[in-house]
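Here is what each chain is made of, one letter per residue.
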Amino acid sequence: MRLTAKHGRLSVTLRAVRQGQDLQVICSGGEAHIGAVALASPHPSTEVADGKKMDGLLALPGHREDKLAARMARRLADELNCVVCVTAGIHFDSITKEEIERVLTLADDLTERCLTRLKQAPKECSC
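Rules and cut-offs
Every chain is numbered independently, its residues counted from 1 as its sequence is written. Where totals are concerned, whole chains, interfaces and linings use all residues; where local detail is concerned, this predicted model gives features only for residues with pLDDT of at least 70, and gives and counts side-chain atom pairs only at 80 or more. The side-chain values count all of the structure's non-hydrogen atoms but skip hydrogen atoms and water molecules. In DSSP terms, a helix is any run of H or I states spanning at least four residues, a strand is any run of E spanning at least two, and both are numbered starting from the N terminus. Relative accessibility thresholds used throughout: buried, under 20% of the residue-type maximum; exposed, over 50%; partly exposed, between the two (1.4 Å probe, protein chains only). For this analysis, residues touch if any pair of their heavy atoms sits within 4.5 Å. Expected span of a helix: the number of residues minus one, times 1.5 Å. Salt bridges are defined as contacts in which a side-chain nitrogen from Lys or Arg sits within 4 Å of a carboxyl oxygen from Asp or Glu. By the counting scheme adopted, Arg and Lys are positive, Glu and Asp are negative, and His together with the chain ends is not counted. Nitrogen and oxygen atoms within 3.5 Å of one another constitute a polar contact, given that in protein one can donate a hydrogen and the other can accept it, and given that sequence-neighbouring residues count only through two side-chain atoms. Strands were regarded as paired on the criterion that DSSP finds at least two bridges between them. Axis definition: a line fitted to C-alpha atoms, limited for helices to the stretch in contact. Angles are taken between N-to-C directions and run from 0 to 180 degrees.

Draft legend 1. Layout of the environment of E99. Tracing the sequence through the fold places E99 in helix 2 (residues 97–120). Look at E99 and you get buried, because its relative accessible area is 18%. With 90 residues separating them along the chain, E99 and R9 place their C-alpha atoms 9.4 Å apart. Sequence-distant contacts of E99, defined by excluding residues within four places in its chain, comprise R9, L10 and S94.

Draft legend 2. Here's a closer look at helix 1 (residues 66–80). Between the first and last C-alpha of helix 1 there are 21 Å, a value that for 15 residues agrees with the 21 Å anticipated at 1.5 Å per step. Within helix 1, the full set of buried residues consists of L68, A69, A70, M72, A73, R74, L76, A77 and L80. Two residues or fewer after helix 1 comes N81, characterised by a positive phi angle close to 55°.

Draft legend 3. Highlighting the pattern of salt bridges. Scanning all chains against the criterion turns up seven salt bridges. Between R75 and E79 there is a salt bridge, with its nearest N and O atoms 3.0 Å apart. Of the two residues, R75 and E79 both sit in helix 1, four residues apart, roughly one turn of that helix. Relative accessible area serves as the criterion here: at 32%, R75 is assigned to the partly exposed category. Judged by its relative accessible area of 34%, E79 is partly exposed. R113 is paired through a salt bridge with D109; the nearest N and O atoms lie 3.6 Å apart.

Draft legend 4. Quick look at the side chain of R18. In this fold, R18 is placed in strand 2 (residues 10–19). Although buried, R18 forms no salt bridge, and the nearest oppositely charged side chain, D22, lies 6.4 Å from it. A polar contact of 2.9 Å, which involves the side chain of R18, links it to the backbone oxygen of Q21.

Draft legend 5. Local environment of the environment of A36. Relative to the helices and strands, A36 resides in strand 4 (residues 36–40). For A36, a relative accessible area of 1% corresponds to the buried category. As for A36 and K67, which are separated by 31 residues in sequence, their C-alpha atoms are 8.7 Å apart. Dropping the residues within four chain positions of it, A36 is found in contact with L58, A59, E65, D66, A69, V86, T87 and A88.

Draft legend 6. Focus on unusual backbone geometry. Even without being a glycine, N81 presents a positive backbone phi close to 55°. Of note, S94 is a non-glycine position whose phi angle comes to about 50°, a positive value. Within the secondary structure layout, S94 lies in the loop between strand 8 (84–91) and helix 2.

Draft legend 7. Fine view of the sheet that holds strand 7 (residues 56–59). The six strands lie next to each other as 1-2-3-8-4-7, forming an open sheet whose pairing is mixed. The sheet terminates laterally at strand 1 (2–7) and strand 7, the two strands that pair on one side only. Ignoring strand direction, the axes of neighbouring strands in this sheet form an average angle of 10°. Bridging between strand 1 and strand 2 involves six bridges; their strand directions are antiparallel. Among the inter-strand pairings, A5 is bridged to a residue of strand 2, identified as V12. The sheet contacts of helix 1 involve strand 2, strand 3 (22–30), strand 4, strand 7 and strand 8, and relative to strand 8 the element is tilted by about 150°.

Following this line, the structure appears as structure tokens:
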């Protein structure tokens with residue numbers, strides 16, 4: 001599945017692929033790259049910042065996609081009752097604080113749209 005959300009110069013894409021019962025998600029925008037990876041299960045074993053439960057979170061130094069990836073992974077894992085891995089990499093030159101908030105909103109919208117599609121067709125696994 002491939003979904004895109006846009007606002008002005010900002011465009012964020014979510015790609016999801018089923019890995020058996022689990023889900024692999026790639027969230028990218030602007031100059032796509034790998035900045036952070038979050039792994040969440042429906043029954044998390046550790047705790048990370050903000051009191052959120054997470055099984056794994058990696059972020060490259062200087063990258064700020066960790067909270068976005070963690071938020072997406074946690075929401076999808078809880079709702080779909082499966083393990084979810086989210087890889088995120090978003091870069092827009094000279095991004096403002098307001099645009100960062102908009103990117104987070106676009107990612108939340110994509111997460112909800114992904115959930116809706118997967119609940120309608122749970123076996124969907126196209127890229």
